[in-house]
Amino acid sequence: MSRLTGLSALPGIATARGYRREWLRPDITAGLVLTALLIPAGMGYAEAAGLPAYAGLYATIVPLLAYAVVGPSKILVLGPDSSLAPLIAAAVLPLAVADDPESALVFAGILGVLVGVILLVGGFLRLGFVTELLSKPIRLGYLNAIALVVIVGQLPKLLGFSVDAPGLLGEIREIGEAVAGGGIDPVAAGIGLASLAVIVGFRLWLPRIPGVLVAVVGAIVTSAALDLTDDIGMVGALPEGLPLPSFGGVGWGDVARLVGPAAGIALIAFADTGVLSRTFAARRGENVNGSTEMKAVGVANIAGGLFGGFPISASGSRTPVAEQSGARTQFACVVGAVAVLVFILVAPGLTTYLPDATLGAVVVVAATALVDIRGMVRMWRMSTVEFGLAAAAFLGVALVGVLQGILVAIGLSFVSVVAHAWQPYRTELVRTADRPGFHDVERHPDGTRIPGLVLVRFDAPLFFANGEIFDRYVRSVVAGSEVPVEWVIIAAEPITGLDTTAVDELVDLDTYLEGNGIRLVFAEMKGPIKDRLVRFGVGDRFDPTRFHPTVDDAVNAFIGRTGRSGDQVVG
């Protein structure tokens, strides 16, 4: 009984138990519509990852079925994605045997399992917050760079030739040389560009009709009618049957080399999935637990990796199609997965006539959805520092390498955080005639001070990198006072952290002020920060009389002890 109770707690089982008859027709319809995108997109992204096209179908079927059982979102569509394809290629292809797609597929499967295990463990440890390492500027730069990498990588396929150059710049150079030297295959380029035009045209003028399906069917019919199988590159017939778990010939050293890339892919995959999951759940008035989502995506990746697939995430293009087609539950994805399975079993030879150029067009159009030039322009207008992070992420991914670029961007993000905390905003607070309380002197230069009192605010945690800056700033304000200072009040509410180095700086500051007959007190300091002062052994020095619950209370204490209340004009 307890086992049955545990199974019923799975989101998919719970949905099945409460399934309504009126949901069946829209779910089936949405699933069949979704299939029109699942097949070409899956195959196209597999090739973009340097893998056999048919692997994209396995990476579609198994994760969709697994997620339908364990996934908390009723609308999310998982599968191969353009944002992961370059990451997979960068991790797998250096390990694979040259010109042996099967060996690359084995490593891709292991990579999928590793990604899944990392996500599964992260979900149990409630580590969903790690996706915050990919801030908006980093994601913006990363996605634009991925779009460029994917598009450039598909151009040779679209135009009917191949290149073998390391790095984006090498590919661009060889593409230019091939185009200038007449290396374009007119037939392949004609079909590829026609497919591109069809997809874009339907998207612009007939968005309700899946242009991808029209382009793929049209290319297959054209290739078969003109017997082009020997003239241009074709996807080829699908292998018969379904794959079974097989990781022969892979050593533990190879697995170890994939752990680092798997961690990066897991981070990207869950970041994309988390955003989509929350967005679509909010539209439907539902809540999705991030840790549960992380575990579900992990299970889907493990399942896909075991059965001939590779790492996957939520799809930003196929999920809206499912929603717009009327999907009500996970059953729509089950229908799509089963339809793809039927395609593999019933018509495996159909892809014999599917041109590589058409799949290239599918991937190019999908990658353009990642381009956000307007976002980069807005980032420049809003914050040059954050734009710099976005640009660094873009250049790192595009020029250094996808995995290395992400690590560089995350490192720069940490540097930015430290820089903000290292040089935080700090100011003196003054009185103003038109409002109560004490306010920033930079915004109110006409404010007044209480003679003998300096009131300052430091907007950051105090730690080893900024403790001395805090000390110097307070001393400079004291030195700049026109009348002798008797008290310094620190408006301490923004100080949310304190380390041992900063405590030493506080003691040095207090010693300096005390030597000049000045009392140092704190207003609105948070309880945990007071506790740290005690734990760090300076509780006796900073006794309870040094702390006041509000700035007004501290100022009143100063006035009560000194009798000073008249104002001194700033400046």
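Each chain carries its own residue numbering, running from 1 in the written order of its sequence. Under the rules for a predicted model, residues below a pLDDT of 70 receive no local features and side-chain atom pairs below 80 are neither given nor counted, while totals for whole chains, interfaces and linings still include all residues. To get the side-chain values, all heavy atoms of the structure are used, and hydrogens and water are removed first.

Under an unreviewed UniProt entry, the protein has the name SulP family sulfate transporter and belongs to Rhodococcus gordoniae. UniProt positions are given in the numbering used here, feature names are shortened, and annotations may be inferred rather than shown by experiment. Turning to the protein, the UniProt record has this under Subcellular location (unreviewed entry): "Membrane".

Please give an account of unusual backbone geometry that cites residues and values.
Positive phi values are uncommon outside glycine, yet Asp227 reaches one of about 50°. Summarising the element assignment, Asp227 is placed in the loop between α10 (211-226) and α11 (252-283). Even without being glycine, Glu524 reaches a positive phi, approximately 65°. Helix numbers and strand numbers start at the N terminus; a helix is a DSSP run of H or I with at least 4 residues, a strand a run of E with at least 2. Within the secondary structure layout, Glu524 lies in the loop between β8 (519-523) and α21 (527-535). Between buried and exposed lies partly exposed: a residue is buried under 20% and exposed over 50% of the maximum accessible area for its type, with that area taken using a 1.4 Å probe on protein chains only. Overall, the relative accessible area of 27% leaves Glu524 in the partly exposed class.

Would you mind going over the sheet that holds strand β7 (residues 487-491) in detail, with residue names and values included?
What holds strands together in a sheet is hydrogen bonding between their backbones, with the strands either parallel or antiparallel. For two strands to be treated as a pair, DSSP must find at least two bridges joining them. Taken in spatial order, the six strands of this open sheet run β4-β3-β6-β7-β8-β9, and their pairing is mixed. Edge positions in the open sheet fall to β4 (439-440) and β9 (547-548), since each of these has one partner strand only. Pairing analysis gives three bridges linking strand β3 (residues 426-430) to strand β6 (residues 453-458), with the strands arranged antiparallel. Paired with Glu428 across the two strands is Val456, which belongs to β6.

Before we move on, could you go through the UniProt feature "domain: STAS" (unreviewed entry) in the protein and cite the residues and values that matter?
In the UniProt entry, the feature "domain: STAS" (unreviewed entry) is given for residues 443-558. For residues 443-558, the end-to-end C-alpha separation is 25 Å, with 40% helix and 17% strand making up the annotated structure.

So, the packing of aromatic side chains: which residues are in play, and what are the values?
Any two of the Phe, Tyr and Trp rings considered here, Trp counted by its six-membered ring, make a pair once their centres fall within 6.5 Å; the pair's planes then place it as stacked at under 30 degrees, edge-to-face at over 60, or tilted in between. What the rule picks out here adds up to nine aromatic pairs. Residues Tyr19 and Trp23 carry aromatic rings whose centres are separated by 5.5 Å and whose planes lie at 90° to one another, so their mutual orientation is edge-to-face. Using a relative accessible area of 17% as the deciding quantity, one classes Trp23 as buried. Between Phe522 and Phe542 the ring centres are 5.7 Å apart and the planes differ by 75°, which places this aromatic pair in the edge-to-face class. With a gap of 20 residues between them, Phe522 in strand β8 and Phe542 in the loop between α21 and β9 connect regions that are remote in the sequence.

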